[in-house]
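Here's the letter readout for the chains.
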Amino acid sequence: MENKVYLMEIDEQVPFSAYEKFMSFLSEAQRQKIERRKAEMAKKLTLISNVFVRMKATEILGIQNQDLQFSQNEFGKPYLVNARQFHFNISHTKNALAIAIADTEIGVDIEKIKKFNPKIAERYFTKEEAVYLKNHSTAVDFFETWTKKEAYLKWLGTGLSTPLNSFNTLELKNVKTIHQTDYIISVCCDSPVQFETSIFDVGPVILGNNKS
């Protein structure tokens, strides 16, 4: 199994109704989560990411979609029950998402490059990181640091229960970052990870061809 991070950009012009038939792939809990979303793009991102994970799980594990059982740890990190060789993580931003699939624990974060408040570094980052960003003050530098922090916390599985300033991303050895068009993606994993760098829209046709 190759450890991979997939980058997907979702077409804003395609209505959620075009994807609704794929709700049947999901569990009742997953469907309810999507239905609670108010923004149409949020509905699409959540649906597509969940269906994609199921598609890869059935492909890699050789089991049927209806036999997949998902749960989450005490901090909310989702995982596939009784599948120690299959790990995943999902991150959304604007109209894009990053999905990481691996055979060991993994965390991923994606951010669209945009204006940022430099005071965030002073408040939430370590002193070493804040000094680094004073000398490397571009949006790319900031979001590289931010996504590394998020990916590391998601890898740990503790989320923001672990303070952002309790660890220094400049010292992390298991975090890799790429800059793809308008996006910064960081992934944290103890094993090598390959990035699917081509941005593509996962539309109804692609999803429809992978039903289990």
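To keep things clear, this report deals only with the structure shown in the data block. Note that the structure is predicted; figures quoted are calculated from it, not measured. (Residues numbered from 1 in each chain as written. Predicted model: local features only at pLDDT ≥ 70, side-chain atom pairs only at ≥ 80, totals over all residues. Heavy atoms only, no water.)

1. Considering helix α2 (residues 40-61)
Here is step 1 of the chain: In a regular helix each residue adds 1.5 Å, so 22 residues correspond to 32 Å; α2 covers 32 Å between its end C-alpha atoms and thus fits that length.
Here is step 2 of the chain: Burial analysis of α2 places 17 of its 22 residues in the buried class, which makes it a mostly covered element.
Here is step 3 of the chain: Count one or two residues on from α2 and you reach Gly 62, which has phi positive near 70 degrees. (Helix = DSSP H or I, 4+ residues; strand = E, 2+ residues; numbered from the N terminus. Expected span 1.5 Å × (residues − 1). Buried < 20%, exposed > 50% of the residue type's maximum accessible area, 1.4 Å probe, protein only.)

2. Re the environment of Lys 176
Here is step 1 of the chain: Turning to its location among the elements, Lys 176 is positioned in strand β7 (residues 175-180).
Here is step 2 of the chain: Overall, Lys 176 belongs to the partly exposed group, its relative accessible area being 42%.
Here is step 3 of the chain: Between the C-alpha atoms of Lys 176 and Val 187, which are 11 residues apart in sequence, the distance is 5.4 Å.
Here is step 4 of the chain: Leave out the neighbours within four places in its chain, and Lys 176 touches Ile 185, Ser 186, Val 187, Val 193 and Phe 195. (Contact = heavy atoms within 4.5 Å.)

3. Let's talk about the sheet that holds β7
Strand pairing in a sheet takes place through backbone hydrogen bonds and is either antiparallel or parallel in direction.
Here is step 1 of the chain: A sheet is described by the order of its strands in space; here three strands give the open sequence β6-β8-β7, paired in antiparallel fashion. In this open sheet, the two strands that pair with only one neighbour each are β6 (106-112) and β7. Here the average twist between neighbouring strands, direction ignored, is 15 degrees.
Here is step 2 of the chain: Across seven bridges, the pairing between β6 and strand β8 (residues 183-189) is antiparallel. Along β8, the bridge assignment pairs Glu 111 with Ile 184.
Here is step 3 of the chain: On the sheet, helix α5 (residues 139-156) packs against β6, β7 and β8 and is oriented at approximately 150 degrees with respect to β6. (Pairing = 2+ DSSP bridges. Axes fitted to C-alpha atoms, helices over the stretch in contact; angles between N-to-C directions.)

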